[in-house]
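# Notes for the structure review
Spelled out, the chains give:
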Amino acid sequence: MAIEVLTNGPSSRSEIARRLGMSGGSLTRLAKPLIDSGLLLEVHQPPPGLTVTLGQGRPGRPLDIVTDPWHFVGLKITADTVYGVVTTLKSTVVRREDRLLESQEPEAVADAAHSIVRSFSEDFPQLAGIGVGIGGSVRDRSVAADAPWLHWQEVPFADLLRERTHLPVVLENDFAALMEAETWFGAGRGHDRFAVLTIGAGVAYGLVIGGEPIRPSDNYRGTAERWILDPSGPLTPYGERGSATSLLTVQSIEYQVRAATGRWVGYEEILKAAGDGEPAAARVVGEAARGLGFLIAQIANFAMPEKILLAGEGVGLMDVAGEKVHESLAANRNPWADPVNLETKVSDFHDWARGAAVLAIQVLVLGGGAED
């Protein structure tokens, strides 16, 4: 019940009962201990647009979640920086802070993360928990089994940070954390079936069915990166041609332009040059756009989601070559199929950190998942 109110906002008892498929009496019995504990409260003035009745037209009081005093820390760890945010119980970011890493040694990274948490605690003394996202495989939401960007193998990072902060810590693959955040608070809210595709430093794909993210058998070890989009495209690091990695990652696009021009150019500059019609940049970006359209079409064709979210730091591609993406998407769809409900969202590393914070929110609301 708390999850329903948290993710859907203030709701009448009748609406909550309808969504959960239970009787009004049963819901009232379940709501009482949550109200008594301070997690839920009765809203005296319904939000604009919310009409609530109880019995024979007698006004009822909608239920809302109590956001204070809880705050949550989300951390996204990259190869050279720890990005941190503080969020409310509804995942609204209220503060950001980062630390450059002097070393990738686990102890040094834990010290940098602790420094951020310690700074946050000065203004938010009632931090309820910490979520940490990393690019790699995570076991039991506590151990970094394989984090190639950090050169980690079997690192019990949640324990290292918990020992320093004395707060509950949950560790997860960063894409899995983003999926949870979008399911609870973002693009997936209200959808039974939706997909998330991210492009940037890597390519990742995930599917949510019935409100539950489907965890792939490879544990997010490059689920979408080796998807072949163009058999005659550029080579991948694995030897294949035309994979999502070779066409869509920021590094690959930069590499292709450097190979064509003999000089290194950053991703944003490449996008601008492509928009201006510079031949090498326009060719590389055009190929990426066609590959992205093909990939989105295949996701729509086979997973049949109600909505697809395209996110990540590489989504600026849509601003420059969105028309080519949609042309390729249409060319690879049945002309009688419904239009793809595609939402784009440029994500920086603080958005990934917010996703990690949602993991900590889930621990509070659902219980379990992190040790005190």
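Please refer to the structure placed before this passage.
Throughout what follows, the structure given in this document is the object of discussion. Predicted, not measured: the structure shown is a model, and the values here were computed from it. (Residues numbered from 1 in each chain as written. Predicted model: local features only at pLDDT ≥ 70, side-chain atom pairs only at ≥ 80, totals over all residues. Heavy atoms only, no water.)

## Observations regarding the overall build of the protein
- Broken down by element type, the protein carries 12 helices and 17 strands.
- Of all 372 residues assigned to the protein, the portion counted as buried reaches 53%.
- Sequence-distant contacts, at least 24 apart, represent 61% of the contacts inside the protein between residues at least 6 apart.
- Accessible area of the protein: about 17100 Å², with a carbon and sulfur share of 51%. (Helix = DSSP H or I, 4+ residues; strand = E, 2+ residues; numbered from the N terminus. Buried < 20%, exposed > 50% of the residue type's maximum accessible area, 1.4 Å probe, protein only. Contact = heavy atoms within 4.5 Å. Areas by Shrake-Rupley, 256 points an atom, 1.4 Å probe, with all protein chains shown as cover.)

## Describing the side chain of Thr 81
- Residue position: Thr 81 is located in strand β6 (residues 81–87).
- A distance of 2.9 Å separates a polar atom in the side chain of Thr 81 from a polar atom in the side chain of Asp 80.
- Leaving out residues up to four positions away in the same chain, Thr 81 has contacts with Lys 76, Asp 98, Arg 99, Leu 100 and Leu 101. (Polar contact = N/O pair within 3.5 Å; in protein donor to acceptor, adjacent residues only side chain to side chain.)

## Quick notes on the sheet that holds strand β17 (residues 342–346)
- Pairing in this open sheet of 5 strands is mixed, and the strands run β15-β14-β13-β16-β17 from one edge to the other. Bordering the open sheet on either side are β15 (212–213) and β17, each of which pairs with just one other strand.
- Bridge count for strand β14 (residues 203–209) against β15 is 2 bridges, and the pairing is antiparallel. Each residue of the ladder has a partner; that of Val 208, found in β15, is Pro 213. (Pairing = 2+ DSSP bridges.)

## Considerations on the packing of aromatic side chains
- Using the criterion set out here, one finds 4 aromatic pairs in the structure.
- Pairing Tyr 205 with Trp 227 gives two aromatic rings, centres 6.1 Å apart and planes at 75°, and the pair type is edge-to-face. Placement of Tyr 205 in strand β14 and of Trp 227 in the loop between β15 and α7 (244–248) is noted, with a sequence separation of 22 residues between them. (Phe/Tyr/Trp six-rings, centres within 6.5 Å; stacked < 30°, edge-to-face > 60°.)

## Overview of the environment of Gln 126
- Tracing the sequence through the fold places Gln 126 in the loop between α4 (106–123) and β8 (127–134).
- The residues contacting Gln 126, other than those within four sequence positions of it, are Pro 69, Trp 70 and His 71.

## Details of the nonpolar core
- In terms of nonpolar packing, the biggest core is built from 41 residues, with Leu 197, Leu 248, Leu 292, Ile 296, Leu 310 and Leu 317 touching the most fellow members.
- Among the elements of the structure, β13 (193–199), β14, α7, α8 (250–261), α9 (267–275), α10 (279–303), β16 (307–312) and α11 (317–331) are those that each provide at least two residues to this core.
- Considering every element that reaches this core, the biggest residue donor is α10, with 12 residues.
- Within the second largest apolar cluster, 31 residues are counted, among which are Leu 75, Phe 124, Val 132 and Trp 152. (Core = buried A, V, L, I, M, F, W, Y, C linked by side-chain atoms within 4.5 Å.)

## So, the sheet that holds β8
- In space, the 5 strands of this open sheet follow the order β7-β6-β5-β8-β12, with mixed pairing throughout. A single partner strand is all that each edge strand has here, and the edge strands are β7 (93–100) and β12 (169–173). Averaged over all pairs of adjacent strands, the angle between their axes in this sheet comes to 20°, without regard to strand direction.
- In terms of strand pairing, β8 meets β12 through 5 bridges, oriented parallel. By the bridge assignment, Ile 134 is partnered in β12 with Asn 173.
- Where helix α12 (residues 349–366) meets the sheet, its contacts fall on β5 (71–77), β6, β7, β8 and β12, and the angle it forms with β5 comes to roughly 135°. (Axes fitted to C-alpha atoms, helices over the stretch in contact; angles between N-to-C directions.)

## Here we look at the packing of α4 against helix α5 (residues 157–165)
- Axis separation between α4 and α5 bottoms out at 9 Å; the angle between their running directions is 45°. On the basis of their axis angle, the class for α4 and α5 is oblique. Classified by chirality, the crossing of α5 by α4 is right-handed. Facing Pro 106, Glu 107, Val 109, Ala 110, Asp 111, Ala 113, His 114 and Val 117 of α4, the residues of α5 in contact are Phe 157, Leu 160, Leu 161, Arg 164 and Thr 165. (Parallel < 35°, antiparallel > 145°, perpendicular 65-115°, else oblique. Left-handed = near helix turned anticlockwise from the far one by under 90°.)

## Section: the packing of helix α6 (residues 174–185) against α12
- In the contact formed by α6 and α12, the axes pass within 7 Å of each other and the chain directions differ by 65°. One way to sum up the angle between α6 and α12 is to call them roughly perpendicular. α6 and α12 meet at a crossing whose hand is left-handed. Between α6 and α12, the contacting residues are Asp 174, Phe 175, Ala 177, Leu 178, Glu 180, Ala 181, Trp 184 and Phe 185 on the first element and Asp 351, Trp 352, Arg 354, Gly 355, Ala 356, Val 358, Leu 359, Ile 361, Gln 362, Val 365 and Leu 366 on the second.
- Tallied by class, residues from the contact of α6 with α12 come to 13 nonpolar, 2 polar and 4 charged. (Nonpolar A, V, L, I, M, F, W, Y, C, P; charged D, E, K, R; others polar.)

## Details of α10
- With 25 residues, α10 ought to run about 36 Å at 1.5 Å a step, and its terminal C-alpha atoms sit 36 Å apart, in line with that.
- Two to three positions downstream of the cap, the backbone nitrogen of Ala 280 sits 3.3 Å from a side-chain oxygen, assigning the N-cap of α10 to Glu 278. (Expected span 1.5 Å × (residues − 1).)

## As for α9
- Looking at α9, one finds that the buried residues are Tyr 267, Ile 270, Leu 271, Ala 273 and Ala 274. Take α9 and look down its axis: the buried residues cluster within an arc of 165°, on one side only. The exposed residues of α9 that point more than 90 degrees off its buried face are Glu 268, Lys 272 and Gly 275.
- On its buried side, α9 packs onto α8, α10 and α11.
- In the segment just after α9, Gly 277 is the residue with positive phi, at about 90°. (Arc of directions from axis to C-beta.)

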